[in-house]
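A look at the structure
One letter stands for each residue in the lines below.
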Amino acid sequence: MTTTRRALLSSIAVGAALLISACSPPSNESSTSNSSAAAGGGAGSSDPKTATSAKDLGGMDALVAAAKKEGQLNVIALPPDWANYGEIIKAFGAKYGIKVNSAQPDGTSQDEVNAVKSLKGTDRAPDVLDIGMAVALANTALFAPYQSEKWADITDAQKESTGLWVQDYGGYMSVGYDSAKVPAPTSVADLLKPAYKGRVALNGDPTQANAALHGVLMASVASGGSLDDISKGVDFFKQLKAAGNFNPVQASSATVKNGTTPVVFDWDYLQLGHVKDVPSWKVLLPANAVIGGYYAQAINKDAPHPAAARLWQEFLYSDEGQTLWLKGGARPVRMEAMTKAGTIDKAASAMLPAVSGTPQFPTQAQLAKAKGMLATDWAKAIG
Amino acid sequence: MLPFFAYVGIFLIIPTLVVVIAAFLDGANRPTLANVSELAEPYIAKTFWNSIWVSAVSAVIGAVLGALLAYVVATGDPDGLVRTTVSSASGVLAQFGGVTLAFAFIASVGPAGLLTTWILGAEAAPTWLLSLKGLVLVYTYFQIPLMVLVFLPALDGIRPQWREATETLGGTAWDYWRHVAVPILTAPFLGALLLLFANAFSAYATAAALITQGAPIAPLQIRTAFSSEVLLGRENIGKALALGMVIVVAIVMTLNSMLQKRSSRWLR
């Protein structure tokens, strides 16, 4: 290799190394952007990008007009059969004439955040996010604060104080089963019986997906453990695997429909979606092991369609949006307020599975402990 | 040469440098050895071992069966139907991987696949395809054609005069194979075997489509590190895992190039 070529290659390598270290994300962008956004809240700017409530833009009508002018909304990771999102997206599009672009319906919450980061500055970046609490708390630097009109109906524990994230709907972890294919289990321990050979599945891997993590937590509490100790849940699945009952297929509407996974650990609102495909699908909420989890809404700080994003939040927290979630079997965050005000859809709320025992909501600390244990022990248990 | 260097720089050198540098940085971009020391954890060591095991077994099976198929093709009519069909089919099937291949296997021998329900009935739903053994089977599907593609030139390089010379000097078929053909073919065979190993080791899309529980191999651990919504902030551990994979493949490819240098002596 000649000297000039060697020099050229080494300068390319050095330049690349400098480029990479320069392009590495800065460490502490959360504190500065948070404080400036909070200080600007309610200051009455008429730019939809920094509006923190509909009042800022001059009322709901102005917000609707601004959103209609944008004409589009980018959503991500919203499967149509997840808590009735299919109908919600259709209803929003029909009501305001805004085209909703739904990307990556099978993505996880982390995929949503990754898309926000990697598509920043383009007009395909997600405008709004529906994410698990852990991902929401870890990424508040990416969100814009917004308080919808029904802000006051939501308890303080279920929202971030300036509106960076607001819980939207939740459910309880349940065991769904096809009563035509397997005998009805009365408890989680029943699933170890030989009648369930090769039939019990999780909705994903608990080290990857929120739903599966809560499934293992629920198995733990139902097997005598507690929210602080997920080891009994991991042991339960280990026994399930040893008995040959554990099915490693990722449970989804397709696998439920074709009968590959007749028993599924999943959120109760997702189980109700399966009833449409399999009329004999029933849901069991184990007694005294009612584990609940809520998801959260957030608006992308650099949303390409900021007014449409804020209108989407207004729609979701309005009576209409909350009722659509209720129809999907989820428990909307304003359920208590709506029941008190009498605006709740009684038929839909009667369809929710019966709860026996007090619902428990794992704290972030308990979840962190559970995750630590899963990271090292899950693969070994079901490998 | 500049367009070539630009292409290689953007798609090979820069991503490799990103991975290598970021493997030693923590979340706040300060240097740390924590990510690399995480590689020594038993569950990650187990995934690397699983990856090596799956790659080695599928490489050996692919190499042996592919070599036999290539031998059949090489000793046949050079313009015949067998040779043209197998060569073009191998060219296509060697690249047939990823989600399409996984779907083909799930649809035929998966838990609810066509063959499964036909032979075992709809209630059986066996899940062996979704384990490491099933992964080995699916990998051999593209390993065998790749072996044919890579090994056929080596077989073509064996001149029929050598066989004639052996027989003229009174040797049997066994003598020919033991003293002439096998020593010449060993180096290209081992080189192709290593190539198959590296091919299976770095395969991601097929495994990702088949296995969704437990992340038993290294590329799937990297997927968990990057897209898990449960274990957050492990991107740099993912990059350290990628660095580990780069090192394994670099060792394999170095051995491969050493063997290639040796084998090319005979095929001039």
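Values in this document were obtained by computation on a predicted structure and should not be read as measured data. (Residues numbered from 1 in each chain as written. Chains lettered and ligands numbered in written order. Predicted model: local features only at pLDDT ≥ 70, side-chain atom pairs only at ≥ 80, totals over all residues.)

This part takes up the overall build of chain A. Broken down by element type, chain A carries 15 helices and ten strands. Taken over 383 residues, chain A has a buried fraction of 48%. Look at the contacts in chain A between residues 6 or more apart in sequence, and 72% of them connect residues 24 or more apart. (Helix = DSSP H or I, 4+ residues; strand = E, 2+ residues; numbered from the N terminus. Buried ≥ 20, exposed ≤ 12 C-beta atoms within 10 Å, placed from the backbone. Contact = placed C-beta atoms within 7 Å.)

A separate point is the overall build of chain B. Counting its secondary structure elements, chain B contains twelve helices and zero strands. Along chain B, helices (α) and strands (β) appear in the sequence α-α-α-α-α-α-α-α-α-α-α-α when read from the amino end. A principal-axis box enclosing the C-alpha atoms of chain B has dimensions of 75 × 55 × 35 Å. Residue pairs in contact within chain B that sit at least 24 positions apart in sequence constitute 73% of those at least 6 positions apart.

Another point: the packing of helix H7 (residues 132-156) of chain B against helix H9 (residues 173-201) of chain B. Residue and element names in this part refer to chain B. Contact geometry of H7 with H9 gives a least axis separation of 10 Å together with a crossing angle of 150 degrees. As judged from the angle between their axes, H7 and H9 are roughly antiparallel. Along this stretch, H7 crosses H9, giving a crossing that reads as right-handed. In this structure, H7 uses Tyr139, Gln143, Leu146, Met147, Val150, Phe151 and Ala154 to contact H9, whose residues at the interface are Leu185, Pro188, Phe189, Ala192, Leu195, Leu196, Asn199 and Ala200. A per-class count over the contact of H7 with H9 returns 13 nonpolar, two polar and no charged. (Axes fitted to C-alpha atoms, helices over the stretch in contact; angles between N-to-C directions. Parallel < 35°, antiparallel > 145°, perpendicular 65-115°, else oblique. Left-handed = near helix turned anticlockwise from the far one by under 90°. Nonpolar A, V, L, I, M, F, W, Y, C, P; charged D, E, K, R; others polar.)

Right, let's get into the environment of B:Leu231. As for its position among the elements, B:Leu231 is in the loop between helix H11 (218-227) and helix H12 (235-264). Dropping the residues within four chain positions of it, B:Leu231 is found in contact with A:Thr207, A:Lys371, A:Ala375 and B:Thr224.

Residue and element names in this part refer to chain A. In a regular helix each residue adds 1.5 Å, so twelve residues correspond to 16 Å; helix H8 (residues 231-242) covers 16 Å between its end C-alpha atoms and thus fits that length. Among the residues making up H8, those that are buried are Gly233, Val234, Phe236, Phe237 and Leu240. The buried residues of H8 occupy one face: seen down the axis, they fall within an arc of 155 degrees. The inward-facing, buried residues of H8 contact strand S6 (200-202), helix H7 (210-222) and helix H15 (364-382). (Expected span 1.5 Å × (residues − 1). Arc of directions from axis to C-beta.)

With that settled, the discussion passes to the nonpolar core. Counting 168 residues, the largest nonpolar core has B:Met147, B:Phe151 and B:Leu196 as the members making the most contacts within it. The leading source of residues in this core is H7(B), at 15 residues. When residues of this core are assigned to domains, at least three map to each of domain 1 (54-169 + 293-350) and domain 2 (171-291 + 354-382) of chain A. (Core = buried A, V, L, I, M, F, W, Y, C linked by C-beta atoms within 7 Å. Domains from an automatic or database assignment.)

Attention now goes to the interface of chain B and chain A. The partner chain A presents 40 residues to the 30 residues of chain B that form the contact. Every element with two or more residues in the side of chain B that touches chain A is listed here: helix H1 (2-22) and H11 of chain B. Here the side of chain B that touches chain A takes seven residues from H1(B), the largest share from any one element. The residue inventory of the side of chain B that touches chain A, partitioned by class, reads 18 nonpolar, ten polar and two charged.

Before going further, it helps to spend a moment on the environment of A:Glu336. All names here are of chain A. Relative to the elements of secondary structure, Glu336 occurs in helix H13 (residues 335-341). For Glu336, a count of 14 C-beta atoms within 10 Å translates into the label partly exposed. Considering only alpha carbons, one finds Glu336 and Gly97, 239 residues apart in sequence, at a separation of 31 Å.

Moving on: the domain arrangement of chain A. Residue and element names in this part refer to chain A. When cut into domains, chain A gives domain 1 (54-169 + 293-350) and domain 2 (171-291 + 354-382). On a C-alpha basis, the centres of domain 1 and domain 2 stand 27 Å from each other. Taken residue by residue, the interface counts 13 residues in domain 1 and 13 residues in domain 2. Considered class by class, the residues forming the side of domain 1 that touches domain 2 number five nonpolar, six polar and two charged.

What follows deals with the pairing of strand S1 (residues 72-76) of chain A. In summary, the side chains of a regular strand alternate between the two faces of the sheet. Residues and elements named next belong to chain A. The buried fraction of S1 is high, at four of five residues. Here S1 pairs with strand S2 (residues 99-103) via five bridges, running parallel. Paired with Gln72 across the bridge in S2 is Lys99. Considered for its hand, the β-α-β crossover made up of S1, helix H4 (residues 85-96) and S2 is right-handed. (Pairing = 2+ DSSP bridges. Right-handed = clockwise from strand over helix to strand, strands pointing away.)

The pLDDT averaged across chain A works out to 85; a share of 88% of its residues lies at or above 70. This stretch, residues 25-44 of chain A, has a pLDDT under 50; its non-local contacts, to residues over four places away or in other chains, come to 18 contacts. (pLDDT = per-residue confidence, 0-100.)

Moving on, we get to the confidence of the model for chain B. With 98% of its residues at a pLDDT of at least 70, chain B reaches an overall mean of 88. Mean pLDDT values over the elements of chain B span from 85, in helix H2 (residues 34-38) of chain B, up to 94, in helix H3 (residues 42-74) of chain B.

Phi at A:Ala77 takes a positive value of approximately 55 degrees, unusual for a residue other than glycine. At B:Ala215, a residue that is not glycine, the phi angle is positive and equals roughly 45 degrees. In this structure, B:Ala215 sits in the loop between helix H10 (205-210) and H11. The class of B:Ala215 is buried, set by 27 C-beta atoms lying within 10 Å.

What follows concerns the environment of B:Ala22. All names here are of chain B. Considering the arrangement of structural elements, one finds Ala22 in helix H1. Given 21 C-beta atoms within a 10 Å radius, Ala22 is considered buried. Along the chain, Ala22 and Asn236 lie 214 residues apart, while their C-alpha atoms are 6.2 Å from each other. Once residues lying within four places of it in the same chain are set aside, the contact partners of Ala22 are Asn236 and Lys239.

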